[in-house]
Amino acid sequence: MHVSHVFNTCFFGGWGGAVYSQEFLPTYETIPEGASAVELPDITVELPDIACCFCPQAEFNGKSDSLFFNDGVRRIDFVLVYEDEDMKEIDKNRTFQKRKVSASLMKMGMELEAARSVVDEKLLFVKVHMPWDVLCTYAEVLHIKLPIQPNDLCTTSSPFNFLSCITKHFYPSEDLIAKETEYFTAPFEKDRLEYFYVKDRDLFFTPSMRSRMAYYILSRAPYEVRGNIKKFGVTKLLDGGVYKAAYPLHDCRFNVRSKEDECPNERYLLYNEWAHPKSFYKMQPLDLIRKYYGEKIGIYFAWLGFYTAMLALAAIVGLGCFIYGYTTQETSTWSKEVCDPLIGGNIVMCPQCDKECTYWRLNSTCESSKKLCIFDNYGTLVFAVFMAIWVTVFLEFWKRYQAELEYEWDTVEFLEQEEQPRPEYEAKCNHERINPVTRAKEKVPYTACGRCIRVSLGIGTVLFWIVLILASVVAIIVYRLAVFFSFSTRLQSDLKELEPFKEYVTAQMATSVTASIISFVVIMVLNILYERVAIWITDFELPRTKTDYENSLTLKMFLFQFVNYYSSCFYIAFAKGKVVGYPGQPVYLLGKYRNEECDPGGCLIELTTQLTVIMGGKAIWNNIQEVLLPWMKNLIFRYCTRVGSEKVIPRWEQDYQLQPIGKLGLFYEYLEMVIQFGFVTLFVASFPLAPVLALVNNLFEIRVDAWKIVTQFRRMVPEKAQDIGAWQPILQGVAILAVASNAMIIAFTSDMIPRLVYYWSFSVYPYGDHSSHTMQGYINNTLSVFDIQDFSNKSRPLQTPYWFNNSTTCRYRDFRYPPGHHRQYEYSIYYWHVIAAKMAFIIVVEHIVYLTKFVLSYVIPDVPYTVREQIKREKYLSQVILHETNLKLVTKRLKPTMNDNNTFLL
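These figures come from a predicted structure and were not determined experimentally.

Colleague: Would you explain the nonpolar core in this entry?
Modeller: Within soluble globular proteins, side chains that are nonpolar tend to cluster in buried spots. Core analysis: the largest hydrophobic core is formed by 152 residues, its most contacted members being Trp303, Trp390 and Phe679. With 14 residues, the top contributor of residues to this core is helix H10 (residues 295–328). Not counting the four nearest positions on each side in its chain, Trp390 is found in contact with Tyr307, Met310, Leu311, Ala314, Phe677 and Thr681. Within the second largest apolar cluster, 48 residues are counted, among which are Tyr216, Ile217, Ala221 and Val867.

Written out as structure tokens, the structure reads:
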């Protein structure tokens, strides 16, 4: 059989695949260059007078739930929608392109039937059906795994079966969603059909398999070939407006059962047992999700459900840590000293900005110091270590669960060579090279130099946008400095009438909240702009497969989002208040703006505020985008295309009224969850309630995503996926970074280490006056003394409060020698003790946690024992079938030879 060179080189990249007849393969040579749509070889089809479509037209038969052609026999595998145009030049070209696509589809064995819209006379719907022979051919091309025999390995019973009477209420009803029979499977081969478990040809290929194969052909159907310029694929025609839509059909309405007897009503079952709000407490029917939407959608919801379940444990511990801090805030010794009128009320603090700021009493920060106690306590240290271990356990057990799903969903051997190249890649295959594996010639879209240029341009663009984000962070820092100066001078006078709120609204808090809101707005604007740039750059790079494309885009988007979302948090945690000098010699940013200082209680409470604003704002914004916008679009579309109640609308037109799914599918859902995962793990030491908020959000997110794809969007084209792709190594990278991040937050952002150093060393002899270890005197010991005569003219306050009297000194937060000391204003011995303790803490905690992570990773196997046994059994059965088939072929060929030999002997 002849197989085109283009198929061998572009479709399989030189990999030695099976050989198929030319008439069944979507190649560029199928339509000769310059041939018209009605003069194709071996095709003699008269064009209908109406609709200008290259397929027979049939009137709607009035069956609104029908999933078949008008004959009631041929199933609709895909639907194309286009608009009847006037015969202008541009419309003539579109009509010609549609005719060529229809011709090439029929040439490849597809069967088409057109129907006019019931709602809009201009719209036409082309229904696509794949006959049995075409299905078998492309099942082999796409290496689809199909049953060979029922699974004969007994499953081990759970030790918790005695709780089934209780747990069954948390699972979908088995009366509605029955447990599927498990089979051993093997990649389909047309010549060995008799070895596959075919009970019913109509049900052998599931609707999702049929849709996937139909889309594979549609995405490669040529409509113009001129020399080296090849134009093909329904995707390009959709972008060009030739077709209005292309989609597989939902099997019924989401809230009403189908009237057709043969309809499985899977969409209806998914809505009632999964997407409906009343089912929020039930486990997800993952097998049905995978069966209806494909493995890619199934693996996302499996990961999201597993992540949410694991968050429950982290949320319980985090909530316990928060309750511990809340109940002990009134008993904290250092907080009591801040609030005590005789201690904090007598400590005069130095101004925090030049000239306009004035002196203030320490006890004015009483409320913020109490709030800080909620998050900055010994429970936070325990929780940070717990979360470092939790994230390792989560990732290791997810790999085990993913291995089980890989086996159950037949994606264990979903290798790169089985994934076909993207149509956009194939269209650019103009350069030849020698395949390094097969040593055969193959076509590629670029030379080695061209690829280097494309990748370099992509890297350069990403780096430019990251620098742009850093510039925006610097701008927000400048805003903080300028606004803090303004708030310090005017805020208290402006709030005279709001006396109850006066003590809560400080200059630091007002600056922090407003800067967080502005930071969030900047983040969202930069996201919208960069998204388009990232997609354009990835398109320019021209990755070979859909997986390569998504991985490349994932890396670009995550790097940008990582810097965009987390840069402000890293600034507050590790930069703010760290390089401020002292009142007599402050440090200035850009030589103009005095670096802002942390509150006397530290920057931890501000980091908590920043996390709350970004996490909360992001959750609200995402829900508006994911729920409100699609719902409103569908509502407006239905209002604009409303028809009389007497008209019956067919299934394909009901689906057309839904929203199309984006080209990137669930990319944004993954990105949203991974960014959330970063907030939960990277900064959890400053905000123990982060897992609680994430858990609540995810419980809604699962049902919102389910409701969205079941009720508001057209059915997605099913895709194969073995795992969560590039997100897995990203999660592992975040988990490793989280250990260092939390250790550094506890060491440098919180006051945990200074308090421990004071308690164990400086509260007793030889540095302290107490006879036993205590926290009494901590506040006085950690505030250095400054002589107000040492102020420079640039920073000396213009006004002094009425209560200042004749004070000659003020206090500031640092560990420096007092005025009059022979090393005045230099770092004291306390400072170096604290620095040493911080470094020792980071090194010890990191090594202990990393060692624990390594041991857990080693002890917990990635693939469960039972799954390994089942995989071995399946491979054995496949080899047996292959051996028996080859043995029969050899025996069949040897029989004539043996007969000839017997005749010769006689």
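Okay, back to it.
Colleague: Just checking my understanding: could you explain the environment of Tyr243 for this structure?
Modeller: Looking at the element boundaries, Tyr243 is found in the loop between helix H7 (234–239) and strand E8 (245–247). The buried category is assigned to Tyr243, whose relative accessible area is 3%. Distance in space between the C-alpha atoms of Tyr243 and Leu124 is 9.9 Å, their sequence separation being 119 residues. Contact partners of Tyr243, with chain neighbours within four places excluded, come to Leu80, Val81, Tyr82, Lys98, Val101, Ser102, Val234, Leu237 and Leu238.

Colleague: Can you help me understand the side chain of Lys708 in this one?
Modeller: Tracing the sequence through the fold places Lys708 in helix H22 (residues 690–712). For Lys708, the contacting residues outside a window of four places in its chain are Glu626, Glu669 and Phe713.

Colleague: Explain the sheet that holds E8 here, please?
Modeller: Either a parallel or an antiparallel arrangement is found when strands of a sheet pair, and the pairing is made through backbone hydrogen bonds. Judged by pairing direction, the sheet is antiparallel, and its four strands sit side by side in the order E2-E3-E1-E8 without closing on themselves. Both outer strands of the open sheet, strand E2 (111–116) and E8, are each paired with one neighbouring strand and no more. Geometrically, the sheet is characterised by an average inter-axis angle of 20 degrees between neighbouring strands, direction not taken into account. As judged from the six bridges shared by E2 and strand E3 (residues 123–129), these two strands associate in the antiparallel manner. Across the sheet, residue Glu113 finds its bridge partner in E3, namely Lys127. On the sheet, helix H6 (residues 207–218) packs against strand E1 (78–83) and E3 and is oriented at approximately 45 degrees with respect to E1.

What counts, and at which threshold
- Residues numbered from 1 in each chain as written.
- Predicted model: local features only at pLDDT ≥ 70, side-chain atom pairs only at ≥ 80, totals over all residues.
- Heavy atoms only, no water.
- Core = buried A, V, L, I, M, F, W, Y, C linked by side-chain atoms within 4.5 Å.
- Buried < 20%, exposed > 50% of the residue type's maximum accessible area, 1.4 Å probe, protein only.
- Helix = DSSP H or I, 4+ residues; strand = E, 2+ residues; numbered from the N terminus.
- Contact = heavy atoms within 4.5 Å.
- Pairing = 2+ DSSP bridges.
- Axes fitted to C-alpha atoms, helices over the stretch in contact; angles between N-to-C directions.

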